[in-house]
Amino acid sequence: MSTPGDYAAVRKDIAALLKQPEYDDGSAGPVLVRLAWHSSGTYDHETDTGGSNGAGMRYETEGGDPANAGLQHARVFLEPVKAKHSWITYADLWTLAGVVAVKEMGGPEIEWKAGRTDYVDDSKLPPRGRLPDGAQGADHIRFIFYRMGFSDQEIVALSGAHNLGRCHSDRSGFHGAWVNNPTRFSNTYFRLMLSRSWKEKVLDSGVRQFVHYDEDAEEELMMLPTDLALLSDPSFRPWVELYANDKERFFEDFAKVFAKLVELGIERDEAGKITNADNVKGGYHS
Ligand code: ZEM
């Protein structure tokens, strides 16, 4: 048990659990980043529903959404941290874990504020189907991300998270990693997207993706149809080119947009205290 509000202690324990030699590429980092993203990415601007408040993925309606397949691994990795710092809410822990993981994997420092509650407000529950489908194209991406309130530039910056981790046949049906060092945050995803020739491949499961055999990795790297839609779309593409050529700018923009992502649906007063989640049941409230 640590002192309630000692987020530095929590950060330290998250950082310490990232190394997982038996898991994937040896790191829990990528799947923790995806957990933070999927907890937040259900947000709908218009109806003010969804978002990270409430940590709805603990329950079947959201946790059992096929789009969230595999994220139980991320939640299990974090259980010892939650047990040790029981005052932190899951909603805070999951978003903070993504932020810590990005930094520890060599990415930018992302601003993060505490105060999310685990109170599930039934009127704010997102329906399934709010997260993007990798099999689709630019129109779908815009439909999903405009709903959260993101611009084309922010969509491309956020997509740079695909520098991390991999696709798992038994989770999404897609297969493989985007880059050959998927536990190191960088702009390689954008560079490879532009510099390699991606060939369509239909997997045995019938799932369609794009691949390139990478000599260095000695494996086939991949892109989702949605990834390559960033190249063929005239408004997305200039951002892909910018981020491929300017790593600093990518880091800066990614930090800003990831901070915005984990704040979706959260209203704060001037002191930073959350004002739209009064019904705090459990969890620490500063
Ligand atoms: Zn992802 N993502 N994503 N993504 N994602 C996967 C994995 C990861 C899309 C998508 O369909 C998929 C964002 C945007 C979009 C991460 C972070 C972020 C996988 C593979 C798929 C299919 C899942 C599996 O099989 O385990 C689509 C269509 C997106 C938008 C168009 C954004 C935004 C992200 C964060 C900011 C990460 C880190 C992974 C790797 C997870 C892992 O377990 O290694």
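Residues numbered from 1 in each chain as written. Predicted model: local features only at pLDDT ≥ 70, side-chain atom pairs only at ≥ 80, totals over all residues. Heavy atoms only, no water.

Moving on, we get to helix α7 (residues 152–159). With respect to burial, α7 is a largely interior element, 8 of its 8 residues being buried. Among all positions in α7, only D152, Q153, E154, I155, V156, A157, L158 and S159 are buried. Of the surrounding secondary structure, the elements contacted by the buried residues of α7 are α6 (138–148), α8 (188–195), α9 (225–232), α10 (237–245) and α11 (247–261). (Buried < 20%, exposed > 50% of the residue type's maximum accessible area, 1.4 Å probe, protein only. Helix = DSSP H or I, 4+ residues; strand = E, 2+ residues; numbered from the N terminus. Contact = heavy atoms within 4.5 Å.)

Let us look at the domain arrangement of the chain. Here the chain is described as being made up of domain 1 (7–131) and domain 2 (138–254). On the domain 2 side, the residues contacting the 25 residues of domain 1 number 16 residues. Taking both sides of the interface into account, the surface hidden between domain 1 and domain 2 amounts to around 1800 Å²; carbon and sulfur atoms contribute 61%. Summed over the three residues of domain 1 that lose the most area to domain 2, namely D25, M105 and P108, the buried surface amounts to 28% of that side. Between the two partners, domain 1 and domain 2, sit 1 salt bridge. (Domains from an automatic or database assignment. Buried area = accessible area lost by both parts, 1.4 Å probe. Salt bridge = Lys/Arg side-chain N within 4 Å of Asp/Glu carboxyl O.)

Before going further, it helps to examine the coordination of the zinc atom of the ligand. Each angle at a metal carrying four tetrahedral donors should ideally be 109.5 degrees, and each at a metal carrying six octahedral donors should ideally be 90 or 180 degrees. Among all protein atoms, only H162 (NE2) binds the zinc atom of the ligand, sitting 2.2 Å from it. By secondary structure assignment, the location of H162 is in the loop between α7 and β1 (166–167). (Donors = N, O, S within 2.8 Å, 3.2 Å for Na, K, Ca; no water.)

On to the site of the ligand, then. Contacts to the ligand come from 24 residues, most closely from H162, G165, R166, H168 and S172. Between the ligand and R166, the relevant distance is 2.9 Å, taken from an oxygen atom to a main-chain nitrogen or oxygen of the residue. S172 places a polar side-chain atom, nitrogen or oxygen, 2.6 Å from an oxygen atom of the ligand. Considering each element in turn, the shell around the ligand owes the most residues, 5 residues, to helix α2 (residues 29–40). Shared between two domains, the shell around the ligand holds at least three residues of each, these being domain 1 (7–131) and domain 2 (138–254). (Near = heavy atom within 4 Å. Polar contact = N/O pair within 3.5 Å; in protein donor to acceptor, adjacent residues only side chain to side chain.)

Turning to the nonpolar core, a few remarks are in order. Membership of the largest hydrophobic core comes to 84 residues, with the highest contact counts inside it found for I14, L32, L78, F145, F150 and F258. For this core, the element with the highest residue contribution is helix α5 (residues 90–104), accounting for 10 residues. Looking at which domains feed residues into this core, each of domain 1 (7–131) and domain 2 (138–254) gives three or more. Aside from chain neighbours lying at most four places away, what touches L78 is I14, L17, L32, L35, L93, W94 and A97. (Core = buried A, V, L, I, M, F, W, Y, C linked by side-chain atoms within 4.5 Å.)

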